[in-house]
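Below, each chain spelled out in residue letters.
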Amino acid sequence: MTGTRGYHHGDLRRALLAAAVSVIEESGPGALSLRDLARRAGVSHAAPAHHFGDKAGLLTALAAEGFDLLAEALGGAEDLLDSGVAYVDFAVRHRAHFEVMFRPDLYRADADDVAAARRRAGDALHAGVAGLPQGRPTAEDPQGDALAAWSIVHGFATLWLAGALPERVGDDPRAAAREVIRRLFPDE
């Protein structure tokens, strides 16, 4: 078997990451195997190991990519409400990344590219918190406010993806998230 069977051009690394996203969306991260990814990409079973080393290496690359995508999504938000909605939208649109990013037991969380991307995403979330009114009771603890905001939107996104929210929230994750997050700002 050759390393290019069925795969003749393009970016094999990108193709393997895309195949990993498909597997995770279908069956979750536990179902991922490098051998299956090689089969899906039409390459030798050794090709994924050449690019990523092992499964943890592939998931490390996927987590770093996910945190970069999240930072990009949050970066376009005008305020904390929009950041929260963007976070939920990211989770829905990039479910496979989301499922891996917050499972550091699956990848090398201390890898430089993951740490840098996680920091960019965290900075984008903190920028939303910085826009909150200064007179609020928790203004002296922006780290606590950021943790609270993240916990709320992450919890909502996780519940949405699990199908665990009541029917009354509807079928639009962005609109539903906006209504839930807006409750944090009763005076606005």
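Given the structure is predicted, the values throughout are model-derived calculations rather than measurements.

What counts, and where the lines are drawn
- Residues numbered from 1 in each chain as written.
- Predicted model: local features only at pLDDT ≥ 70, side-chain atom pairs only at ≥ 80, totals over all residues.
- Heavy atoms only, no water.
- Helix = DSSP H or I, 4+ residues; strand = E, 2+ residues; numbered from the N terminus.
- Core = buried A, V, L, I, M, F, W, Y, C linked by side-chain atoms within 4.5 Å.
- Buried < 20%, exposed > 50% of the residue type's maximum accessible area, 1.4 Å probe, protein only.
- Contact = heavy atoms within 4.5 Å.
- pLDDT = per-residue confidence, 0-100.
- Phe/Tyr/Trp six-rings, centres within 6.5 Å; stacked < 30°, edge-to-face > 60°.

With that settled, the discussion passes to the environment of histidine 50. Structurally, the position occupied by histidine 50 is in helix α3 (residues 47-52). Between the alpha carbons of histidine 50 and arginine 13 there is a distance of 9.5 Å; along the sequence they are 37 residues apart.

Within the largest apolar cluster, 57 residues are counted, with the highest numbers of intra-cluster contacts made by Leu32, Leu37, Leu58 and Leu59. The leading source of residues in this core is helix α4 (residues 55-75), at 10 residues. Contacts of leucine 59, omitting those with residues within four sequence positions, involve Ile24, Leu32, Val100, Leu106 and Tyr107.

For the chain, per-residue confidence averages 90 on the pLDDT scale, and residues scoring 70 or more make up 93% of the total. Here helix α2 (residues 34-41) stands out as the element of the chain with the lowest mean pLDDT, 91, in contrast to helix α6 (residues 95-101), whose mean of 98 is the highest. This stretch, residues 1-9, has a pLDDT under 50; its non-local contacts, to residues over four places away or in other chains, come to 16 contacts.

The subject of this paragraph is the packing of aromatic side chains. Under the defined criterion, the tally for this structure stands at five aromatic pairs. Pairing phenylalanine 102 with tryptophan 150 gives two aromatic rings, centres 6.0 Å apart and planes at 45°, and the pair type is tilted. With phenylalanine 102 in the loop between α6 and α7 (112-130) and tryptophan 150 in helix α8 (residues 142-162), this residue pair connects regions lying 48 residues apart in the sequence. Residue tryptophan 150 is classed as partly exposed on the basis of its relative accessible area of 32%. Put simply, the rings of Phe67, Tyr87, Phe98, Phe102 and Trp150 pair up and form one aromatic cluster.

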